Amino acid sequence: MKTNQNYIKHILAVECGSWKKTFFLDKDNYSIGRNSTNTFFCHHRVISRNHAHIIKVNYQSLVDSEQSENVFWLMDGDFFGRRSTNGIYVNGKKCFCAKLNPGDIIFFGGIDVKAKYDIVNLQSKTFYSIASPDYKSIFAEKVYNSEMSDLSIFSAFTDENFAILELISQGVFIVNLESSEIVKVNQNYAQMLGYLSSEIIGLKLEELDCCEKEIINHDLSTLAQNNVKSCRYSIHQGKEKKLINVLVKSVPINYQEQKCILVSVENNSNLQKLEDALRYQSSHNLSTNLGNKNLLEKQLAWSLGFNSLKESNIALIKIKVNQWGNISNYFSQEIVSKLLENLILIIKKHLSSIDCLCQVSADEFIILKEEIINESQVNTIIEQILTDLKQPITINGNSIILNVNLGVTIHPQDGKNFHELIKNTNIALESSYEYGNSNCQFFTENIAKTITIKNKNFMLMSDVISSNKFVLKYSPIVSAKTEILSGFNATINFVEEKTGLQELDILLKVQESNYDEDLLLWSLEQILKDYNSWMGDRQTFDLKISLKVLLSTLMKDNVIDKVSELITPENQFPSVELEIVLDNSLVEENFIIERLNILNNSSLNYGLFSPDIQTFFAFMREKIKVNTLKTSPRLIKNLEGNSGEEKLISCGVDLAQFLNVDLVIEGVSTENQKDILSSIGCDKMQGLFFSPALESEKVPYFLEKSRVE
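This is a predicted model, so every value here is computed, not measured.

Considering the overall build of the chain
Next, step 1: Across its full length, the chain carries 21 helices and 37 strands.
Next, step 2: When the 709 residues of the chain are sorted by exposure, 52% land in the buried category.
Next, step 3: Entry remark: accessible area of the chain is about 33800 Å², with carbon and sulfur atoms responsible for 48%.

Focus: empty space enclosed by the protein
To find leftover empty space, one rolls a probe the size of a water molecule over the atoms.
Next, step 1: Going through the model one piece at a time under the given rule, you end up with three cavities of 30 Å³ or more.
Next, step 2: Volume-wise, the largest cavity comes out at about 90 Å³.
Next, step 3: As for the largest cavity, its lining consists of Ile492, Leu507, Val510, Asp516, Leu519, Leu520, Ser523, Leu547, Lys548, Val549, Leu550 and Thr553.
Next, step 4: Counting residues per element, the ones that place at least two in the lining of the largest cavity are helix 13 (503-512), helix 14 (516-535) and strand 30 (544-550).

Description of the packing of helix 9 (residues 333-348) against helix 10 (residues 375-389)
Next, step 1: Closest axis-to-axis distance for the helix 9/helix 10 pair is 9 Å, and the angle between their directions is 145°. Crossing geometry of helix 9 relative to helix 10 is assigned as right-handed. Contacts from Leu343, Ile346 and Ile347 of helix 9 reach helix 10 at Ile385, Asp388 and Leu389.
Next, step 2: Split by residue class, the contact of helix 9 with helix 10 holds five nonpolar, no polar and one charged.

Here we look at a nonpolar patch on the surface
Next, step 1: A cluster of nonpolar side chains, contributed by Tyr7, Phe24 and Leu122, occupies part of the molecular surface with about 270 Å² of accessible area.
Next, step 2: Relative to the elements of secondary structure, Phe24 occurs in strand 2 (residues 19-24).

Description of the side chain of Asn245
Next, step 1: If you trace the backbone, Asn245 turns up in strand 17 (residues 243-255).
Next, step 2: Only 2.4 Å separates the side chain of Asn245 from the side chain of Tyr233, close enough to count as a polar contact.

A look at the pattern of salt bridges
Oppositely charged side chains can pair when the atoms bearing their charge come close.
Next, step 1: A complete count under the given rule lists 25 salt bridges for this structure.
Next, step 2: Here Lys369 and Asp355 are joined by a salt bridge, their closest N and O atoms 2.9 Å apart. Highlighted residues: Lys369 in strand 23 (residues 364-372) and Asp355 in the loop between helix 9 and strand 22 (356-361), separated in sequence by 14 residues.
Next, step 3: Overall, Asp355 belongs to the buried group, its relative accessible area being 11%.
Next, step 4: Note that Lys548 and Glu666 form a salt bridge whose closest N and O atoms lie 2.5 Å from each other.

Some details on helix 11 (residues 418-432)
Next, step 1: For helix 11, spanning 15 residues, the distance from its first C-alpha to its last is 21 Å, which sits close to the expected 21 Å at 1.5 Å a residue.
Next, step 2: Buried within helix 11 we find Phe418, Leu421, Ile422, Asn424, Thr425, Ile427, Ala428, Leu429, Ser431 and Ser432.
Next, step 3: Taking the backbone nitrogen of His419 as reference, a side-chain oxygen 3.2 Å away marks Asn417 as the first, capping residue of helix 11.

Some words on helix 9
Next, step 1: For helix 9, which comprises 16 residues, the first-to-last C-alpha distance of 22 Å matches the rise-based estimate of 22 Å (1.5 Å per residue) to within 8%.
Next, step 2: Those residues of helix 9 not exposed but buried are Ile335, Val336, Leu339, Leu340, Leu343, Ile344, Ile346 and Ile347.

Brief notes about the packing of aromatic side chains
Next, step 1: One pass over the full model with this rule turns up 13 aromatic pairs.
Next, step 2: Between the aromatic rings of Phe488 and Trp534, the centroid separation amounts to 5.7 Å while the plane-to-plane angle is 50°, which identifies the pairing as tilted. In this pair, Phe488 sits in strand 29 (residues 484-494) while Trp534 sits in helix 14, placing the two residues 46 residues apart along the sequence. One exposure class covers both Phe488 and Trp534, and it is buried.
Next, step 3: Relative to Phe702, the ring of Phe488 lies with its centre 6.3 Å away and its plane at 65°, an arrangement referred to as edge-to-face. Residue Phe488 is located in strand 29, and its partner Phe702 is located in helix 21 (residues 699-704); the two are separated by 214 residues in the primary sequence.
Next, step 4: These aromatic residues form a ring-pair network of at least three members: Tyr474, Phe488, Tyr531, Trp534 and Phe702.
Next, step 5: If you follow Arg83 out to its NZ or CZ, it ends over the ring of Phe96, 4.3 Å from the centre.

A closer look at unusual backbone geometry
Next, step 1: The step from His411 to Pro412 runs through a cis peptide bond, and the omega angle for that step is 15°.
Next, step 2: Within the secondary structure, Pro412 sits in the loop between strand 26 (404-411) and helix 11.
Next, step 3: A positive phi angle, close to 60°, is found at Lys241, a residue other than glycine.
Next, step 4: Its place among the elements puts Lys241 in the loop between strand 16 (228-237) and strand 17.
Next, step 5: Phi angles above zero are rare outside glycine, and Gln323 is one such case at about 55°.

A word on the nonpolar core
Next, step 1: With 69 residues, the main nonpolar core has Phe488, Leu524, Leu554 and Leu578 as its most contacted residues.
Next, step 2: Among the elements that line this core, the one with the most residues is helix 14, at ten residues.
Next, step 3: Judged by nonpolar contacts, the second largest core, of 37 residues, contains Phe173, Val185, Leu193 and Ile216.

Quick notes on the pairing of strand 22
Next, step 1: Bridge count between strand 22 and strand 23: five bridges; the pairing is antiparallel. In the strand pairing of strand 23, Leu357 is matched with Ile367.
Next, step 2: Here strand 22 hands over to strand 23 after two residues, the two strands then running antiparallel side by side.

Some remarks on the state of the cysteines
Next, step 1: Under the criterion given, the structure shown has zero disulfides.
Next, step 2: For the unlinked cysteine Cys358, the closest cysteine sulfur is that of Cys356, found at 3.4 Å.
Next, step 3: Here Cys358 falls in the buried class, since its relative accessible area comes to 0%.

Points about the environment of Lys273
Next, step 1: Tracing the chain through its elements places Lys273 in helix 6 (residues 269-283).
Next, step 2: Under the relative-accessibility criterion, Lys273 is labelled exposed at 58%.

Quick look at the environment of Ser283
Next, step 1: Within the secondary structure layout, Ser283 lies in helix 6.
Next, step 2: A relative accessible area of 2% means that Ser283 is categorised as buried.
Next, step 3: As a C-alpha pair, Ser283 and Ser36 span 247 residues in sequence and 7.4 Å in three-dimensional space.
Next, step 4: Look past the residues within four positions of Ser283 in its chain and what remains in contact with it is Ser36, Leu290, Gly291, Asn292 and Leu295.
Next, step 5: One polar contact links the side chain of Ser283 to the main-chain carbonyl oxygen of Arg279, over a distance of 3.1 Å.

Focus on the packing of helix 14 against helix 16 (residues 559-566)
Next, step 1: Running from N to C, helix 14 and helix 16 point in directions that differ by 15°, and their axes come no closer than 11 Å. Judged on the interaxial angle alone, helix 16 and helix 14 are roughly parallel. Handedness of the crossing formed by helix 14 with helix 16: right-handed. Taking contact as the criterion, the partners of Glu517, Leu520, Leu521, Leu524 and Glu525 in helix 14 are, on helix 16, Val559, Lys562, Val563 and Leu566.

About the criteria used
- Residues numbered from 1 in each chain as written.
- Predicted model: local features only at pLDDT ≥ 70, side-chain atom pairs only at ≥ 80, totals over all residues.
- Heavy atoms only, no water.
- Helix = DSSP H or I, 4+ residues; strand = E, 2+ residues; numbered from the N terminus.
- Buried < 20%, exposed > 50% of the residue type's maximum accessible area, 1.4 Å probe, protein only.
- Areas by Shrake-Rupley, 256 points an atom, 1.4 Å probe, with all protein chains shown as cover.
- 1 Å grid on protein atoms, 1.4 Å probe; cavity = no way out; pocket = protein on both sides within 12 Å on 5 of 7 lines; lining within 4 Å.
- Points joined across faces, edges and corners; volume = space filled by probe spheres on them.
- Axes fitted to C-alpha atoms, helices over the stretch in contact; angles between N-to-C directions.
- Left-handed = near helix turned anticlockwise from the far one by under 90°.
- Contact = heavy atoms within 4.5 Å.
- Nonpolar A, V, L, I, M, F, W, Y, C, P; charged D, E, K, R; others polar.
- Patch = residues over 30% accessible without salt bridge, like charges linked within 9 Å, V, L, I, M, F, W, Y side chains within 5 Å.
- Salt bridge = Lys/Arg side-chain N within 4 Å of Asp/Glu carboxyl O.
- Polar contact = N/O pair within 3.5 Å; in protein donor to acceptor, adjacent residues only side chain to side chain.
- Expected span 1.5 Å × (residues − 1).
- Phe/Tyr/Trp six-rings, centres within 6.5 Å; stacked < 30°, edge-to-face > 60°.
- Lys NZ or Arg CZ within 6 Å of the ring centre and 35° of its normal.
- Core = buried A, V, L, I, M, F, W, Y, C linked by side-chain atoms within 4.5 Å.
- Pairing = 2+ DSSP bridges.
- Disulfide = S-S within 2.5 Å.
- Parallel < 35°, antiparallel > 145°, perpendicular 65-115°, else oblique.

Written out as C-alpha cells, the structure reads:
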C-alpha cells in the first residue's frame, strides 16, 4: 500500500533537564553545537562549538517517482575532520557516525543533553518506534539478487550522453561502483574545485567528498542494490583545500558495461552562506557581534532547563548606559563605535567563558551568568565593572566617562521563565535610579510594588503632559535668623492629578517625552504672568524666583538663546535664577565645558541643585559662575542632632562661604531642623516649617505679611 509521504515526518525530540523541544527534520543538513550559528543551538558546557551534524539522504524510487524515503545520519564534529570534545553516543554506544533508526536515544557530550530520533505518521498518529509502519518500503525489492553482470536494470549511458552534460552549469562526474574511483568528469566540476579534469580522474570519491566515509559507502551500496536515486548535502574539497558546500545527486547507470553512478554536484555555497548569515543576523547585533534578545532567550531557555538538575542559580544582570543618545549625537560614528568596543571589553574582562553577554538595545546589555552560589559573586562582578568605568576612556583625544546603572534578578527566586526574569530585571534596573547614577539594585517583591505604583503615576503623568495640565507653585525662601523673605522657588505641579511624584521625577519623565524644552519656556512665561499679577499697583519687590532645570535640557541646541530672548528687561521679568540639576547627562568633559561656556556667556543667573554637597560642585564652580547652591531635602531627612549630617552640611556652609555663593537648604519641616541648621551656620531655608508651596493667587497674601529684603 502506498503511503502519502506528506504525512511522514522525521523528528528529533531534544531535552535538557526541564527544557524540551521537538524539531521536524525537513532540511538536508543540520548542525548542532554551542555556536549560536548552528541550526540546533545547544548552550551547555559539555557541548562543543560545532558538536555534530545530522545529514539527510533522500532516496527516490526509479520505478515510481512519487515514492521516496529519507535516511538520517548523525556525524560527530564537522565536515573538516574536527571531532567534538565530549563525543556523541547512540543507544549508549560512543560513535563517530551512525545511521539513525526510529527510537534511537542520542546523548551529546554527556547525560545532561539527550535526544530521541523517531518517524511519525501524522495521519495515523503512529510513531515508528512504537508500531511497525504499514507501508511498502522502496527498498523492499533488492537489485543484488540479480547477477552483477546483469546490467539490464541500469540505464545505459554513453559518452555522447555525457557530452551533452558538458553544456550544463552543474558539475558532473561518473564513479565506478566497484572501485569508487572517478572515471569521467566534466569541465564545470573541475573548475569548481580548481583542478584540471585529468587531475580528478582516478581519484576515489572519498578524496573529494568530506562526508563521513561510512555515509558515502552506504550511499553507494544503496544505489547499487536498489532501484533508487539519491540526493544529499555535503562539502567537496578542491585544490589547496578549498571547501565548497554542495548538493550531491546520484543515479546508477550502465557506463561502458560497468556498474557506475552518475553524480551531479550543485554548488550551493552562496545559499549556505545566506542561511548562515540570516541565522546569525536573527540572533546577533551586527555592529558589536554580541548576541541579541533572541539569542538570550534561547540561551536562557537551555540554562533554565539544565539548571533544574543542579543546585546553583542563574543571574541576569542588565546594564544601561546613561545618556547614550547624547553621546551618539555629539561624537562621530568612529568614536562611538570605539567607545562601545571599550565598554564591551571592560564588561567581558570580568566574565567567565560560560557567561553570555548580549546587547538588547543600543544602550542596554544583559549578562547571563550561570552557576551562581550567592549574591556576593554577582556583587563582585558589578563592583569590578563600576570601578573600571570610573576611569575615563580616551579616544582620539576625547576623555569620556561612561555612566551605567544595573538591575539584577536571580533564578529561581525572582522568576521561573524568560519573561518573568526580564520583567523583574527591568524593575530592578529602574529602582536603581532611586539611588542615583552608577548604582545597582537586586530585585525584591517590595521593589516591584513600589515601581508598580510609580509606573501608574507615570501613566497619569503622560496624560498630564499630553493635555498640558501643569501649574506652578511657589515655595518661600526665608532667612532663619531674620525671617526675611528672599525669594521663591517655583515648582512644577499638576492642575488636578495627585500622583505623589517628586519634582525631579516630573522633570525626568517630561524629558523622556521630549517635552522638557517646551515646559521650561512655558514655566518662564508663567512666572512672568504670575509675578505681574502679584505686583498690580503694589511697589515692585526685589524678589528672586528660582526654577529647577535639568542640565541635559540646557544642553539642547538653542535652548539658552531662547531663554535669554524671553528673559529681557523689555519683558519686565523679575530676577530669575535657573537651578541646574546635575542629571546623568555628564558624559564627557569637553562636551560639558562647551555647553557651560555658552551659559557663562549668557546674561542668565544660575544656581546649582545637587543631592549631596560635594558632587561635582568644585568642578562646576570652575566652569560656570553660579550664585546659589541648593541641597536636596533628602540631605536633612534624618537630621535630629548628633546624626552625622551636621558635619557634612557644615562643610557645605564653609564651601559656600569660600566660593561666595548662597547656600539654601530645602525640605525644612520642623523647628528642631531649623535650629540645628542655624547652629551650624545655615541661614536661607525653605520647607513646610515656613510655608507649604503656594498657588499663585495666594502669594500676594503671603507677601503682605512677610518681610522682604
